[in-house]
Amino acid sequence: MFDKGKLNELRIEVESWKSEINKKGLDKKVGCTTLSGIPVDLIYTPCDIESFDYKRELGLPGEYPFTRGVYPTMYRGRLWTLREYAGYGTAEETNRRFKYLLEHGQTGLSVAFDLPTQIGYDSDHPMAMPEVGKVGVAVSTLKDMEILFDGLPIGEISTSFTINATAPQILAMYFVISLKQGVQLDKVQGTVQNDILKEYVARNTYIYPPQPSMKLVVDIIEYCSKNAQRFNSISISGYHMREAGANAIQELAFTFANAIAYVKAAIERGLPVDSFAPRLSFFFGCHNDFFEEIAKFRAARRIWAKIMKERFGARDPRSMLLRFHTQTCGCTLTAQQPEVNIIRVALQSLAAVLGGTQSLHTNSYDEALALPSEYAVRLAVRTQQVIAYESNVINTIDPLAGSYYIEYLTNEIEKRVWDYLQRIEEMGGAIIAIEKGFYQREIAESAYKYQKEIESKDRIIVGVNEFITEEIKVKELLKVDPILRERQIERLKRVRDERDKNKVKEALENLRRAVEKGDNVMPYIMRAVESYVTLQETTEVLKSVYGEYKPIGW
Amino acid sequence: MNGIEIVNKVLSGDNRAIAKLISNIENQAPNIDEVLMKLYPHTGNAYVIGVTGATGVGKSTLINGLINHYKSQGLRLGVICIDPSSPITGGAILGDRLRLVNSIDERVFIRSMTTRGYKGGITKSLRDVIRVLDASGKELIIIETIGVSQVDVEIANYVDTLLLVVMPYMGDEIQLMKAGLLEVADIVVINKADLTNSEDMVLAIKENLNSNNGWEVPVIKTVAINGFGIPELINKINEHKNYLLTTNGIEKKRKDRIKEEILEEIFNIVKQNIVGDEKFDEIVKKVFEKEITPHFAAQLLIKKHKFLIFNNCVDV
Amino acid sequence: MERKIRVLIAKPGLNGHDRGAKVVARALRDAGMEVIYLGMRLTPDQIVNAAIQEDVDVIGLSVLSGAHDTLVPEVMRILKEKGAEDIKVIVGGIIPDDDVKKLKEIGVVEVFGPGTLTPQIVKFIKEIVAKG
Ligand SMILES: Nc1nc2c(ncn2[C@@H]2O[C@H](COP(=O)(O)OP(=O)(O)OP(=O)(O)O)[C@@H](O)[C@H]2O)c(=O)[nH]1
Ligand SMILES: [Mg+2]
């Protein structure tokens, strides 16, 4: 795109300009890098993207390789989904919160579950007791799910479920209540996280070893591709690895390596790639390095499109679309001067929007201290609304394209991600790399490096290592009332007493047989939850066949 | 706690007292010799198994399997996991215990230790720590050490049965054989046999084995994460133990060990009394300038300090 | 020989966010301490048992799920029951202010909130161990 001769002239000019500045020592940031360690120069010019080829590298929105965006009209056609992760205490409490959020302009729901629910313990298990309702809602039986969605029109909202190891049970419950509400499964919209691989790396809510867990992931992908075609059967997530310390490059690389493992597994199951790939969705974080994050999202779209087209031979363009949800990075929130978090979140969400996200969760400013208060959640939603309705940034698509810096960063990130993918491939793929602790070590190293940079003040965090003022306490902190746990456990006991014992026994027997045979577990789990079999009871059956995962450790 | 109290508590198997005493040994606390002397008559009952091999081959996971087995037999167990410490800061992260945490209770005493700058993959205090566990009534003691090079063979001098753990496709297996670890191993374990066909490795190792005083060193495949091969491994450990018992090998091993230790102690005592000599530098200079030989210098120093050494020794 | 500071780092409960625990473990190691890293999904019993056997000077508990209100008191109770209350307990994580007060009342020596810099923790541990 650029004239060779002119480029050469320019290069000489820029070089001498730079050396002049260096001689005088005017540049005080020599050697600075992005958060992921990409060197950042004083200025970018066409010389930094000399072989720039518009059609090949960017294309038009909605066109391969989708660098500019996955849809032709992007936000002019439809805004991103405002989606705030919510859930705590019991189903009643969360149901109330959902209604509140919908009333305040949120357009999708996102359910957070408590840890026992995520790890397959009923609320009255001794390991579960201290955690019931703490970081999300407790769901042990279908009864809880019925209450959770009471009065909410399942047919009209899209709901996202942050659930992995117990995704089959939770999804089964949701499908069962959808049917009860008269909504056919092919009309149900939403997303289930169902991304177990990153759990071994970051959030650690695994139950079984990786191999059988992968089987369950594919069971859901298969079941949805045949029955719930509008439901995103997996949300392949970099967010949690990012939170655990990964940098932007590692976030993309590990997410895509995992994605490749899932696609391979689904193809091995016999599913044609275009039958399920359009329903794969992604989930990334958005950190502080404004331009790097924007470039990351752009590079991500291009990489995924290439993987799907070139490696897996997808034909349907929808299979090549990287549709993703973004959450501003919780790890950037500070407990010191928490109001400053509002500003951080605003910048991060702006980057996510400029990066072309399909859905966005903005963190509440008090989240470094506890679960967010309603006031803080409202402010977080308002942040998105200011960007969407006041700033006018949505009026044109991918407005930073063509910026020398942005294009340079996009290329550089892409290159570094491919390098990582190559290394993981050589190790034998994502599962082996994870079992060997490769991701875990890389991430822990990055986390430690980041911490050291803050401690040496190579990175400034306002209020933490610079601009420190007297501590201002956040007053309105949400706490989970212990009475909620008592209520949850009471209800669970009642459900256990009142259900039809024979049906329970039969459903569990059938499930066991299906698991042993290697059948898709989804229909069996749906029948089980319908009979009010508890989450833990189904988990125990799976555990008895699959075994339990022991962590990699240090 | 005074000496007698500690001794009594350790003998009764009190975990807190055992733990404290081990720390005192590591920190070379002042009254330590006296306490160890009192414990000494109560030692010699435990059987000691060493588990060595390169990082990440699955030693801890394997030990977890062994613990589960021996625990179910009602044995009282002690486990010592040794990791190297940073030569610069002396710090270390000890992560072996993490793998054992689910299978243990108060009856299994596990202690993580660092080498504290001591070379050879083990810690200087190891002998005494083993004795403490032994005296406290542990019937079986398992020791995990890193074993990759020549210096790491030293662990063999501390244990009755030494397992060398390797895994297929290590790349450095040849290195390992040359490093002499194979020569001191009583049993070779090829762990992670699930990962790939390990037959080649079995053959390669067998070729390099020489029988160990008439004991045919077995090569066993295991998958520590699911327990495959563990029963066979336990059988082999038993066989080796029986072999040592029936051939009087155990007595010989232990006497050799005592001899080794006494000699080491003599060296240490002499050394301790001499390093402080104010003329030491002068003597070094003389040797450096070729006036005397190091051999002569040593004799000179010993002669000079003979009374000091003598007087610093306890009366027996 | 110099007396080494030994610290046990553990995550009681089900929360699996171990970034903080790992960063702190590394920082303590680099400060010359011996760190026994015990991992996660642990019961208070397992933690105390390990702390006693390892004869650590300090237990560092990382709790993020809000379950500190039951898990930390349980650790303190068992330490006492086993006569090991001389082992100092520090807690890291997201702990609301009123809870910090409560934890200190039951003997937790310090609570390190989000945004704590690791040199602060290193310094604190060195000081409490020196004080004995
Ligand atoms: N596939 C497979 N993995 C195993 C096996 N045994 C152990 N592992 C895994 O290998 C990794 C290292 O295991 P450890 O038991 O910690 O190995 P180690 O030799 O004690 O490691 P260090 O103490 O760090 O030297 C862990 O992730 C284990 O789960 C096995 O038989 N097969
Ligand atoms: Mg180990």
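Computed from a predicted model, the values in this text were never measured in an experiment. (Residues numbered from 1 in each chain as written. Chains lettered and ligands numbered in written order. Predicted model: local features only at pLDDT ≥ 70, side-chain atom pairs only at ≥ 80, totals over all residues. Heavy atoms only, no water.)

1. Points about the packing of aromatic side chains
Residue and element names in this part refer to chain A.
Thought 1: Evaluated as defined, the whole model comprises 34 aromatic pairs over all chains.
Thought 2: Ring centres 4.1 Å apart and planes at 10 degrees place the aromatic pair phenylalanine 254 and tyrosine 439 in the stacked group. Taken together, the positions of phenylalanine 254 in helix α10 (residues 248–268) and tyrosine 439 in helix α17 (residues 438–455) put the pair 185 residues apart, joining distant regions of the chain. There is no split in this pair, since phenylalanine 254 and tyrosine 439 are both buried.
Thought 3: Members of the aromatic cluster, connected to one another through ring pairs, are Phe98, Phe113, Phe149, Phe161, Tyr174, Phe175, Tyr223 and Phe231.
Thought 4: The cationic tip of lysine 309 hangs over the ring face of tyrosine 64; the distance from NZ or CZ to the ring centre is 4.3 Å. (Phe/Tyr/Trp six-rings, centres within 6.5 Å; stacked < 30°, edge-to-face > 60°. Helix = DSSP H or I, 4+ residues; strand = E, 2+ residues; numbered from the N terminus. Buried < 20%, exposed > 50% of the residue type's maximum accessible area, 1.4 Å probe, protein only. Lys NZ or Arg CZ within 6 Å of the ring centre and 35° of its normal.)

2. A word on the coordination of the magnesium ion (ligand 2)
All names here are of chain B.
Thought 1: Donor atoms from the polypeptide that bind the magnesium ion (ligand 2) are Ser60 (OG), Asp96 (OD) and Glu144 (OE), placed at 2.0 to 2.2 Å.
Thought 2: Look at where the donors of the magnesium ion (ligand 2) fall in the sequence and you get S-x35-D-x47-E. Of the two residues, serine 60 is situated in helix α4 (residues 59–72) and aspartate 96 in helix α5 (residues 96–100); the sequence distance between them amounts to 36 residues.
Thought 3: Owing to a relative accessible area of 6%, serine 60 belongs among the buried residues under this scheme.
Thought 4: The class for aspartate 96 is buried, based on a relative accessible area of 11%. (Donors = N, O, S within 2.8 Å, 3.2 Å for Na, K, Ca; no water.)

3. Remarks on helix α19 (residues 501–517) of chain A
Residues and elements named next belong to chain A.
Thought 1: With 17 residues, α19 extends 24 Å from end C-alpha to end C-alpha; this agrees with the ideal 24 Å at 1.5 Å per step.
Thought 2: Among the residues making up α19, those that are buried are Val504, Ala507, Leu508, Leu511, Ala514 and Val515. An end-on view of α19 places all buried positions within 125 degrees of arc, on one side of the element. Facing away from the buried side of α19, by more than 90 degrees, are the exposed residues Asn502, Lys505, Glu506, Glu516 and Lys517.
Thought 3: On its buried side, α19 packs onto α20 (522–530) and α21 (535–546).
Thought 4: Put simply, aspartate 500 is the residue that caps the front of α19, since its side-chain oxygen is 3.0 Å from the backbone nitrogen of asparagine 502. (Expected span 1.5 Å × (residues − 1). Arc of directions from axis to C-beta. Contact = heavy atoms within 4.5 Å. Polar contact = N/O pair within 3.5 Å; in protein donor to acceptor, adjacent residues only side chain to side chain.)

4. Digging into the interface of chain C and chain A
Thought 1: Residue-level contacts link 36 residues of chain C with 41 residues of chain A.
Thought 2: For the pair chain C and chain A, the summed buried surface comes to about 3,200 Å²; carbon and sulfur atoms form 58% of the total.
Thought 3: If you look at where chain C meets chain A, you find 2 salt bridges.
Thought 4: Summed over the shared surface of chain C and chain A, the number is 10 residue pairs in polar contact (both at pLDDT 80 or more).
Thought 5: Those elements that place two or more of their residues in the side of chain C that touches chain A are α1 (19–30), β2 (34–42), α3 (68–81), α4 (97–105) and α5 (118–131) of chain C.
Thought 6: The greatest single-element share of the side of chain C that touches chain A, amounting to 8 residues, is contributed by α1(C). (Buried area = accessible area lost by both parts, 1.4 Å probe. Salt bridge = Lys/Arg side-chain N within 4 Å of Asp/Glu carboxyl O.)

5. Re the site of ligand 1
Thought 1: The environment of ligand 1 is formed by 21 residues, the closest being B:Lys59, B:Ser60, B:Thr61, B:Asp96 and B:Arg99.
Thought 2: Lying at an intersection of chains, ligand 1 is approached by residues of chains A and B.
Thought 3: Within the contact set of ligand 1, an oxygen atom lies 3.2 Å away from a backbone nitrogen or oxygen of B:Val57.
Thought 4: Within the backbone of B:Gly58, one N or O atom sits 2.9 Å away from an oxygen atom of ligand 1.
Thought 5: Look at ligand 1: alone it shows 650 Å² of surface, and the protein chains cover 85% of it.
Thought 6: Mapped onto the shell around ligand 1, the elements with two or more residues apiece are α4, α5 and β5 (140–146) of chain B.
Thought 7: Of all the elements, α4(B) adds the most residues to the shell around ligand 1, at 3 residues.
Thought 8: Its residues placed into classes, the shell around ligand 1 shows 8 nonpolar, 6 polar and 7 charged. (Near = heavy atom within 4 Å. Areas by Shrake-Rupley, 256 points an atom, 1.4 Å probe, with all protein chains shown as cover. Nonpolar A, V, L, I, M, F, W, Y, C, P; charged D, E, K, R; others polar.)

6. With respect to the pairing of strand β4 (residues 189–192) of chain A
Residue and element names in this part refer to chain A.
Thought 1: Of the strand pairs in this sheet, strand β3 (residues 158–161) and β4 are connected by 4 bridges, and their pairing is parallel. Across the sheet, threonine 159 pairs through a bridge with glycine 190, a residue of β4.
Thought 2: Crossover connection from β3 via helix α6 (residues 167–180) to parallel β4: handedness right-handed.
Thought 3: Here β4 pairs with strand β5 (residues 231–232) via 2 bridges, running parallel. Counterpart to glycine 190 in the pairing with β5 is phenylalanine 231. (Pairing = 2+ DSSP bridges. Right-handed = clockwise from strand over helix to strand, strands pointing away.)

7. Some words on the pattern of salt bridges
Think of it this way: side chains of opposite charge can pair up when their charged atoms draw near.
Thought 1: Under the definition given, this model contains 76 salt bridges over all chains.
Thought 2: Of the charged contacts, one joins A:Glu486 and A:Arg485 as a salt bridge, the two residues approaching to 3.7 Å between their closest N and O atoms.
Thought 3: Owing to a relative accessible area of 39%, A:Glu486 belongs among the partly exposed residues under this scheme.
Thought 4: Here the residues in one salt-bridge network are B:Glu26, B:Arg97, B:Arg111, B:Arg116, C:Arg6, C:Glu34 and C:Glu54, joined through shared partners.

8. Considerations on the confidence of the model for chain C
Thought 1: Looking at chain C as a whole, the pLDDT averages 94, with 98% of positions reaching at least 70.
Thought 2: At the level of chain-chain contacts, confidence expressed as ipTM amounts to 0.94, with global pTM at 0.91. (pLDDT = per-residue confidence, 0-100.)

9. Some thoughts on the pairing of strand β1 (residues 47–53) of chain B
Residue and element names in this part refer to chain B.
Thought 1: Most of β1 sits out of view: 7 of its 7 residues are buried.
Thought 2: Inspection of the sheet shows β1 paired to β5 by 7 bridges, in the parallel sense. Bridging across to β5, glycine 50 finds its partner in isoleucine 143.
Thought 3: Here β1 pairs with strand β6 (residues 161–166) via 5 bridges, running parallel. The partner of valine 51 across the bridge, within β6, is leucine 163.

10. Describing the packing of α19(A) against α20(A)
Residues and elements named next belong to chain A.
Thought 1: Two numbers describe how α19 lies on α20: the axes approach to 9 Å, and their chain directions differ by 165 degrees. Overall, the two elements α19 and α20 adopt an arrangement that is roughly antiparallel. The two elements α19 and α20 cross, and the hand of that crossing is left-handed. Along its contact with α19, which presents Ala507, Asn510, Leu511 and Ala514, the element α20 presents Tyr524, Ile525, Arg527 and Ala528.
Thought 2: Among the residues making up the contact of α19 with α20, the classes are represented as 6 nonpolar, 1 polar and 1 charged. (Axes fitted to C-alpha atoms, helices over the stretch in contact; angles between N-to-C directions. Parallel < 35°, antiparallel > 145°, perpendicular 65-115°, else oblique. Left-handed = near helix turned anticlockwise from the far one by under 90°.)

11. What about the environment of A:Gly31?
Thought 1: Of note, A:Gly31 is situated in the loop between α1 (4–24) and α2 (54–57).
Thought 2: For the pair A:Gly31 and A:Met129, spaced 98 residues apart in sequence, the C-alpha separation works out to 51 Å.

12. Observations regarding the sheet that holds strand β1 (residues 6–12) of chain C
Sheets are built from strands paired through backbone hydrogen bonds, the pairs being either parallel or antiparallel.
Thought 1: Spatial strand order, β3(B)-β2(C)-β1(C)-β3(C)-β4(C)-β5(C): 6 strands in an open sheet with parallel pairing. If you trace the sheet from one side to the other, it starts and ends with β3 (92–94) of chain B together with β5 (110–112) of chain C, each paired once. Pairwise comparison of adjacent strand axes, ignoring direction, gives a mean angle of 25 degrees for this sheet.
Thought 2: Bridge count for β3(B) against β2(C) is 3 bridges, and the pairing is parallel. Note that in β2(C) the partner of B:Ala92 across the bridge is C:Glu34.
Thought 3: Across the sheet, α5(C) touches β1, β3 (58–63), β4 (88–93) and β5 of chain C, and the angle it forms with β4(C) is around 165 degrees.

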